[in-house]
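Chain by chain, the residues run as shown.
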Amino acid sequence: MKPSVAVIGSGFTGLAAARDLARAGHPVTVIEADGHVGGLAGAFQPDENVEAEPLDRFYHHWFTSDLEVMALIRELGLEDAVATEASLTGVYYNRRITRLSTPLDLLRFTALPPLDRLRLGWLALRARRVKDWRPLEHLTAAQWLRSMAGERVYRVMWEPLLQGKFGRHADAISAVWIWNKLKLRGGSRAKSGAEQLVYVRGSFARLAEAICADIQAHGGRVKTHSAATELIPLARGGWEIRGPWGSERAARVIATTAPPILADLIDGWAAPHTLASLRRINYLANICLVLVLDRSLSSTYWLNVNDPGFPFVGVIEHTRFQSPAHYGGRHIVYLSRYLPQDDPLLDLCADDFLHFAIPHVQRMFPAFDQRWIQRHHVWRALWAQPIVERHYSQFIPPVEGLAPDLYLCSMAQIYPEDRGTNYAIRAGRDLAARLIAGG
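Heads up: these notes are all about the structure in this document. Just so you know, these numbers come straight off a predicted model, no measurement behind them. (Residues numbered from 1 in each chain as written. Predicted model: local features only at pLDDT ≥ 70, side-chain atom pairs only at ≥ 80, totals over all residues. Heavy atoms only, no water.)

1. A few points about the sheet that holds strand β19 (residues 373-386)
Okay, so step 1: The sheet built from seven strands is open, its strands ordered β8-β7-β16-β17-β18-β15-β19 with mixed pairing. For this open sheet the edge positions go to β8 (96-99) and β19, each flanked by a neighbour on one side alone. The mean angle between the axes of side-by-side strands here comes to 20 degrees, regardless of whether they run parallel or antiparallel.
Okay, so step 2: The strands touched by helix α11 (residues 350-364) are β7 (89-93), β15 (283-293), β16 (302-305), β17 (314-317), β18 (331-339) and β19; relative to β19, the strand with the most contacts, the crossing angle is about 100 degrees. (Pairing = 2+ DSSP bridges. Helix = DSSP H or I, 4+ residues; strand = E, 2+ residues; numbered from the N terminus. Axes fitted to C-alpha atoms, helices over the stretch in contact; angles between N-to-C directions. Contact = heavy atoms within 4.5 Å.)

Structure representation (structure tokens):
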């Protein structure tokens, strides 16, 4: 009989690994703390008063260059649910919203002089030509962006975005992180220059649930509402995963959590240097306010906010990407804020957080009236974004070697890529392939 495997976490990394292992004949159990699979790709009903498709708790899309996720979608027979649309992007700067979806839009961006507009456009092209990211590791994003596009482009375009997302960590962010963002977005454009994005109708949870069903169809188990609190090595080999729900034993364990969470699970027996390495990478939390409106808020899908006084890094109007008809005619807007894990804003109830947000929304959109809001929802994620510092590759904990038959496979380890469904799936499947090949 093939070795049993317990997978801690049912995000796309864990689900992808579990699916391939189950199909290869390994007894697999996925252990998930939440009540749903998919991690940040969980879904909800935006408005119980109208007939609507499920909606992502946190905004999601794929790029046309995300080949791993598209391959899995084909394997699961979900191609008919996939929609590819041109994105409508813009920037809020100096109290104005400017469309920045195509090269022609960039030429009209009067916040920068003509020469700097060209420098900004040239930056994206130069980023795509960088094949080896390692020489960038000793540079901060600020240093690299200044050298590539000049001081004014940095001050207008990039400094507010870095500050808005990373706060006090902005000056420490690696050039590799921003290079990867530019490369990824540049590789998802049509011949017109417009960015093409991909969505699966019915929310990203639809894909997670399809993978879950495939795991179960091949003999695997998926246990939700089952938080792991302790991971114990057994004297004769193998592992015991413990939690308030009981315990589970397996020959191998794949932990797909953030590394500091794994450190907490093994704190009772692991060596201090092992725990320190797992806790070396810092994270930001995210709080996301979802507004369900009776009308549209703006003309853009993805609005980058280059205003240090606005407390959200982006305003994402999902129904400028997918039709409001999918949501009973409602218009869906996400307001996203990254913040330290101990920030008091994370403790606000949904009504209080809405009260905090409304004056800022009204300042950006003067026509906005609170009566447009039909429903509002607030979602939180404590482990939303690894802080990618200079020389980040030196901090990444290994996939294996922490202990026999214990594997760590997380979003913190996909560097130089950043978070994303595509790379989560790739990491999970790559690890599963190694385990399958090893027997």
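2. Focus on a nonpolar patch on the surface
Okay, so step 1: A cluster of nonpolar side chains, namely L104, L107, L115 and L118, defines an oily patch on the protein surface of about 390 Å² accessible area.
Okay, so step 2: Secondary-structure elements contributing two or more residues to the nonpolar patch are α3 (103-107) and α4 (114-129).
Okay, so step 3: You can see L104 is positioned in helix α3. (Patch = residues over 30% accessible without salt bridge, like charges linked within 9 Å, V, L, I, M, F, W, Y side chains within 5 Å. Areas by Shrake-Rupley, 256 points an atom, 1.4 Å probe, with all protein chains shown as cover. Salt bridge = Lys/Arg side-chain N within 4 Å of Asp/Glu carboxyl O.)

3. Brief notes about the pattern of salt bridges
Okay, so step 1: Using the criterion set out here, one finds 30 salt bridges in the structure.
Okay, so step 2: The residue R242 makes a salt bridge to E230 at a minimum N-O spacing of 3.7 Å. Pair noted here: R242 is in strand β12 (residues 239-243) and E230 is in strand β11 (residues 230-233), with a separation of twelve residues, a long-range link.
Okay, so step 3: Residues R242 and E240 are paired through a salt bridge, measuring 3.6 Å at the closest nitrogen-oxygen approach.
Okay, so step 4: The class of E240 is buried, set by a relative accessible area of 11%. (Buried < 20%, exposed > 50% of the residue type's maximum accessible area, 1.4 Å probe, protein only.)

4. Observations regarding the sheet that holds strand β5 (residues 62-63)
Okay, so step 1: One open sheet holds the three strands; their spatial order is β5-β9-β6, and the pairing between them is antiparallel. Strands with a single pairing partner mark the edges of an open sheet, and in this sheet they are β5 and β6 (82-86).
Okay, so step 2: Here two bridges tie β5 to strand β9 (residues 196-200), and the two strands are oriented antiparallel to one another. What sits directly across from W62, in β9, is V198.

5. Observations regarding the nonpolar core
Okay, so step 1: Of all hydrophobic cores here, the largest spans 108 residues; its most connected members are W144, L145, W158, L207 and I254.
Okay, so step 2: For this core, the leading source of residues is helix α6 (residues 151-166), giving eight residues.
Okay, so step 3: Residues L291, F353, F368 and I373 belong to the second largest nonpolar core, which totals 28 residues. (Core = buried A, V, L, I, M, F, W, Y, C linked by side-chain atoms within 4.5 Å.)

6. A look at the state of the cysteines
Okay, so step 1: Following the criterion strictly, the structure yields zero disulfides and no others.
Okay, so step 2: C212 supplies the cysteine sulfur nearest to C409, a cysteine that is in no disulfide, at a spacing of 18 Å.
Okay, so step 3: Accessibility expressed as a relative area gives 5% for C409, which makes it buried. (Disulfide = S-S within 2.5 Å.)

7. Some words on the packing of aromatic side chains
Okay, so step 1: Taken as a whole, this structure holds 18 aromatic pairs when the rule is applied.
Okay, so step 2: Ring geometry for Y59 against Y334: centres 5.9 Å apart, planes inclined by 70 degrees, an arrangement best described as edge-to-face. Of the two residues, Y59 sits in the loop between β4 (55-56) and β5 while Y334 sits in strand β18, which places them 275 residues apart along the sequence. Like Y334, Y59 is buried.
Okay, so step 3: Taking the centre distance of 5.5 Å and the plane angle of 35 degrees together, the rings of F353 and F356 count as tilted. Of this pair, F353 and F356 both sit in helix α11, separated by three residues, roughly a single helical turn.
Okay, so step 4: The class of F356 is partly exposed, set by a relative accessible area of 25%.
Okay, so step 5: Taken together through their ring pairs, the aromatic side chains of Y59, W62, Y199, F204, Y301, W302, F321 and Y334 make up a single cluster. (Phe/Tyr/Trp six-rings, centres within 6.5 Å; stacked < 30°, edge-to-face > 60°.)

8. Things to note about helix α5 (residues 141-149)
Okay, so step 1: Turning to α5, its buried residues number three or more, namely A141, A142, W144, L145, M148 and A149. Down the axis of α5, the sector holding all buried residues measures 165 degrees, keeping them to one side.
Okay, so step 2: Following α5 by one or two positions, G150 has its phi on the positive side, about 95 degrees. (Arc of directions from axis to C-beta.)

9. Quick look at the side chain of T256
Okay, so step 1: Counting through the fold element by element, T256 comes out in the loop between β14 (252-255) and α9 (259-265).
Okay, so step 2: In terms of polar contacts, T256 uses its side chain to reach the backbone carbonyl oxygen of I8, at 2.7 Å.
Okay, so step 3: Within polar-contact distance, the side chain of T256 engages the backbone oxygen of G9 at 3.5 Å.
Okay, so step 4: Other than its neighbours up to four places away in sequence, T256 contacts V7, I8, G9, T13, G14, C409 and S410. (Polar contact = N/O pair within 3.5 Å; in protein donor to acceptor, adjacent residues only side chain to side chain.)

10. Some thoughts on the pairing of β12
Okay, so step 1: Counting buried positions over the five residues of β12 gives four, a clear majority of the element.
Okay, so step 2: With four bridges joining them, β11 and β12 adopt antiparallel strand pairing. By the bridge assignment for β12, L231 is matched with I241.
Okay, so step 3: Two successive antiparallel strands, β11 and β12, enclose a turn made up of five residues, where G237 displays a positive phi of approximately 100 degrees.
Okay, so step 4: Counted along the chain from β12 to the antiparallel partner strand β13 (residues 246-250), the turn is two residues long.

11. What to know about unusual backbone geometry
Okay, so step 1: Geometrically, the link from Y415 to P416 is a cis peptide bond, its omega value of 15 degrees lying close to zero.
Okay, so step 2: Mapped onto the elements of the fold, P416 is located in the loop between β21 (406-408) and α12 (421-438).
Okay, so step 3: For N94, which is not glycine, the phi dihedral falls at a positive 55 degrees.
Okay, so step 4: Position of N94 among the secondary structure elements: in the loop between β7 and β8.
Okay, so step 5: Residue N94 is classed as exposed on the basis of its relative accessible area of 61%.
Okay, so step 6: With a phi angle near 60 degrees, H391 is a residue other than glycine that sits in the positive phi range.

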